[in-house]
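The chain contents come next:
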Amino acid sequence: MSSFSKSTETDMPQQGEAASIALIRLMSAELRNTNLDDRRAAELAADFREIVAAARTAARNNDFTDEPSRYLAVLSQLSAGGIAPP
Amino acid sequence: MNESILNLGLCEIADEIRSRRVTSEEVTRAALERANAVQPHVNCFISIEDDAALQAARDADMAIRRGKPTGPLHGVPLAHKDMFYRAGRITTGGSRLLHDFRPQITATVAERIAAAGAIWLGNLNMSEFAANPTGHNESFGHCKNAWNQDCISGGSSSGSAVAVAARACFASLGSDTGGSVRLPAAANGVTGIRPTYGRVSRYGILPRTWSLDTVGPLARSVRDCARLLRVIAGPDPMDSTTSAKPVPDYEKLLDGKIDGLKIGVPENYFFDGLTDEVQRCMDESLRQMASQGARIVRLPVPDPKLLHQLANLVSQVEAASIHAKWLEEWGDDYPLILRTRIESGFLVPAVAYLDALSARARLTAEFVTHVFGQVDVLLTPVLSMPAPTFAEITPNTSGDVMPMLARMSRCTRPFSFLGLPALSVPAGTSGANLPIGMQLIGRPFDEALLFKVGDAYQRETAWDLLAPQFSNPR
């Protein structure tokens, strides 16, 4: 028996998801000139919420000195056994 | 004769050629015969360059006869994922949409392996645009697992792993964004490494996700990977993300000794939901390393799920930017998996994307400090199950895509976000004779230690020596 589940029917969105589905529909129309069907809009909204929540969690401890380009320097610092300042 | 040649590893065959016990032409001819014989079974090649490869092999033999200097790959036939540019030659990226794409530049890694004397046997199948972890390819046909053609090969460096496993070439260059070297290596019983981000130039490769892409070798053994990585690694003025750190002579550091080394085993996330067979292989691998003197240390690791999600975020946004123009032009011709996973990227706020990238240095420092303050390397499975069948995993609708992607790459993608080196090593087989792989993760730029541990393991086990059998392969 496969451990991978596949969709067999369209899952209907919960009440609280309606707003983000509407937002996704709007953005898709404005940014990409694409009209999404109900199922795809719901899928994208779920994906969108997960991604944005992860970014929000990560950002909680960011400060204004954390510019992305520091990453390569920190990788180098970490390599020698030294630990980069957080 | 030919069969025995093809069962040698890259380092062994290079020594044989250099010492004139066999010619590059003999070896290349044998590899071409094998490649053409297994192709109908596994579909691992997009193109095979018979004539050019044989001519290059004859030139390599001539160079040896004339006493010219030879490189560490001299005369050895390799084949590569079809995403490394060679000026004027077609590079498809695994997509029919690029069937006539002739780049005007040559990838730095392609120049380096040529300078080291390698023969270019052909271009290998891959997930379209390097964008799925399964090996599905709607353009050139799916690449099939070397051990069971009903099963997926893993991807996106699908052809690389399958061609190496099938003894059609001695090693291969692949690329790894979220697991694309490690996953197919594990699924086909070969060794593969995702190097530290910045260890190997990405200049002249088809991009998947700029911030996560790495180029890495797949080969039969750790030693073979070590040789190939040394050839391609190092700074490149054409890629500003490459590190100036010196590249060690990895092979010289392989001494078979791991006594006293601390192998970390995550208590959270990575061992959740494993099949019994994968769990058994991980347990046996740990017991093996313990018997060689390693200390096994169980420890919690910083939230891998968050790292997985952040890698997804970065990947989706950058892929949306890379593919926007093509997607507009080709629309429904785009493969379902790629189209589905790109779509979210168009809608993610720029601030969320920058938040993820801004957090990367801090999260990497936290992970490295916490984990590698306690252990020398970390061990996890590569996949939580043996390679599934196409019937089990092929998505029917867009709704099937994201859960499938998450399941496939849950153990590999977190380390992609951190940019850490990760080595995939064959570690057993399932009851259905499908390979199972373990993943060794190290500090940034500490590929040498991963090779040392993996090589010590391979000296005492034989999983890397197993070869798939094909009916009537020649």
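Note that the coordinates shown come from a computational prediction; the quantities given were computed from them, not determined experimentally.

Re the pairing of strand β8 (residues 295-299) of chain B
Residues and elements named next belong to chain B. As defined by bridge partners, strand β7 (residues 262-266) adjoins β8 across 5 bridges and the pair is classed as parallel. Bridging from a neighbouring strand, Pro266 pairs with Leu299 of β8. Once the chain exits β7 it traverses helix α9 (residues 276-291) before rejoining the sheet at β8, and the crossover so formed is right-handed.

Section: a positive patch on the surface
On the surface, a cluster of positive charge is contributed by Arg20, Arg65, Arg66 and Lys68 of chain B. The partly exposed category is assigned to Lys68 of chain B, whose relative accessible area is 48%.

A closer look at the pattern of salt bridges
Applying the stated rule across the entire model yields 21 salt bridges over all chains. Between Asp455 of chain B and Arg459 of chain B there is a salt bridge, with its nearest N and O atoms 2.8 Å apart. With Asp455 of chain B and Arg459 of chain B both in helix α16 (residues 447-460) and 4 residues apart, the pair spans about one turn of that helix. For Arg459 of chain B, a relative accessible area of 42% corresponds to the partly exposed category. Because the salt bridges share partners, they merge into one network encompassing Arg39, Arg40 and Glu43 of chain A together with Glu343 of chain B.

Description of empty space enclosed by the protein
Residues and elements named next belong to chain B. Considering all chains together, one arrives at 3 cavities of 30 Å³ or more under this definition. If you add up the space inside the largest cavity, you get close to 90 Å³. Taken together, the residues of the lining of the largest cavity sort by class into 4 nonpolar, 6 polar and 3 charged. Of the volumes computed, that of the second largest cavity is approximately 50 Å³. Every residue along the wall of the second largest cavity is listed here: Ala186, Ala187, Val278, Leu383, Met385, Pro386, Ala387, Pro435, Ile436 and Gly437. Put simply, the parts of the chain that give the lining of the second largest cavity at least two residues each are α7 (182-188) and β11 (435-441). The biggest single contributor to the lining of the second largest cavity is β11, with 3 residues. For the lining of the second largest cavity, the per-class residue count stands at 9 nonpolar, 1 polar and no charged.

Considerations on the layout of surface pockets
The space that makes up the second largest pocket amounts to roughly 520 Å³. If you trace the second largest pocket, you find 20 residues lining it, with Arg32, Thr34 and Leu36 of chain A together with Arg339 and Glu343 of chain B closest to the centre. At the level of secondary structure, the elements contributing two or more residues to the lining of the second largest pocket comprise α1 (18-32) and α2 (38-59) of chain A together with α10 (304-330) and α11 (336-343) of chain B. By residue number, the principal contributor to the lining of the second largest pocket is α11 of chain B, which donates 4 residues. Split by residue class, the lining of the second largest pocket holds 6 nonpolar, 6 polar and 8 charged.

As for the interface of chain A and chain B
Counting from both sides, the interface comprises 42 residues of chain A and, opposite them, 51 residues of chain B. Across the interface of chain A and chain B, roughly 4,000 Å² is buried in total on both sides, 62% from carbon and sulfur atoms. Taken together, the connections running from chain A to chain B amount to 1 salt bridge. Residue Arg40 of chain A pairs with Glu343 of chain B through a salt bridge whose shortest N-O separation is 2.9 Å. Here chain A and chain B share 15 residue pairs in polar contact (both at pLDDT 80 or more) between them. Every element with two or more residues in the side of chain A that touches chain B is listed here: α1, α2 and α3 (70-79) of chain A. Take the side of chain A that touches chain B: its biggest share by element is 14 residues, from α2 of chain A. Classifying every residue of the side of chain A that touches chain B gives 21 nonpolar, 12 polar and 9 charged.

Some points on the confidence of the model for chain B
Chain-level statistics for chain B give a pLDDT mean of 96 and a share of 99% at 70 or above. The complex model carries a pTM of 0.95, and its ipTM stands at 0.88.

Quick look at the environment of Phe271 of chain B
Residue and element names in this part refer to chain B. Summarising the element assignment, Phe271 is placed in the loop between β7 and α9. C-alpha of Phe271 to C-alpha of Cys44: the two residues are 227 residues apart in sequence and 31 Å apart in space. For Phe271, the contacting residues outside a window of four places in its chain are Val265, Pro266, Gln279, Met282, Leu379, Thr380 and Pro381.

Some words on the sheet that holds strand β3 (residues 119-124) of chain B
All names here are of chain B. The mixed open sheet is built from 3 strands, whose spatial order is β1-β3-β2. The open sheet is flanked by β1 (45-48) and β2 (77-81), the only strands paired with a single partner. Sheet twist, expressed as the average angle between the axes of neighbouring strands with direction ignored, equals 35 degrees. Taken together, the 3 bridges between β1 and β3 define a ladder with antiparallel strand orientation. Across the sheet, residue Ser47 finds its bridge partner in β3, namely Asn123. The sheet strands contacting helix α4 (residues 50-65) are β1 and β3, and the helix crosses β3 at an angle near 160 degrees.

Reading the values: rules and limits
Residues numbered from 1 in each chain as written. Chains lettered and ligands numbered in written order. Predicted model: local features only at pLDDT ≥ 70, side-chain atom pairs only at ≥ 80, totals over all residues. Heavy atoms only, no water. Pairing = 2+ DSSP bridges. Helix = DSSP H or I, 4+ residues; strand = E, 2+ residues; numbered from the N terminus. Right-handed = clockwise from strand over helix to strand, strands pointing away. Patch = residues over 30% accessible without salt bridge, like charges linked within 9 Å, V, L, I, M, F, W, Y side chains within 5 Å. Areas by Shrake-Rupley, 256 points an atom, 1.4 Å probe, with all protein chains shown as cover. Salt bridge = Lys/Arg side-chain N within 4 Å of Asp/Glu carboxyl O. Lys, Arg positive; Asp, Glu negative; His and termini not counted. Charge placed at Lys NZ, Arg CZ, Asp CG, Glu CD. Buried < 20%, exposed > 50% of the residue type's maximum accessible area, 1.4 Å probe, protein only. 1 Å grid on protein atoms, 1.4 Å probe; cavity = no way out; pocket = protein on both sides within 12 Å on 5 of 7 lines; lining within 4 Å. Points joined across faces, edges and corners; volume = space filled by probe spheres on them. Nonpolar A, V, L, I, M, F, W, Y, C, P; charged D, E, K, R; others polar. Contact = heavy atoms within 4.5 Å. Buried area = accessible area lost by both parts, 1.4 Å probe. Polar contact = N/O pair within 3.5 Å; in protein donor to acceptor, adjacent residues only side chain to side chain. pLDDT = per-residue confidence, 0-100. Axes fitted to C-alpha atoms, helices over the stretch in contact; angles between N-to-C directions.

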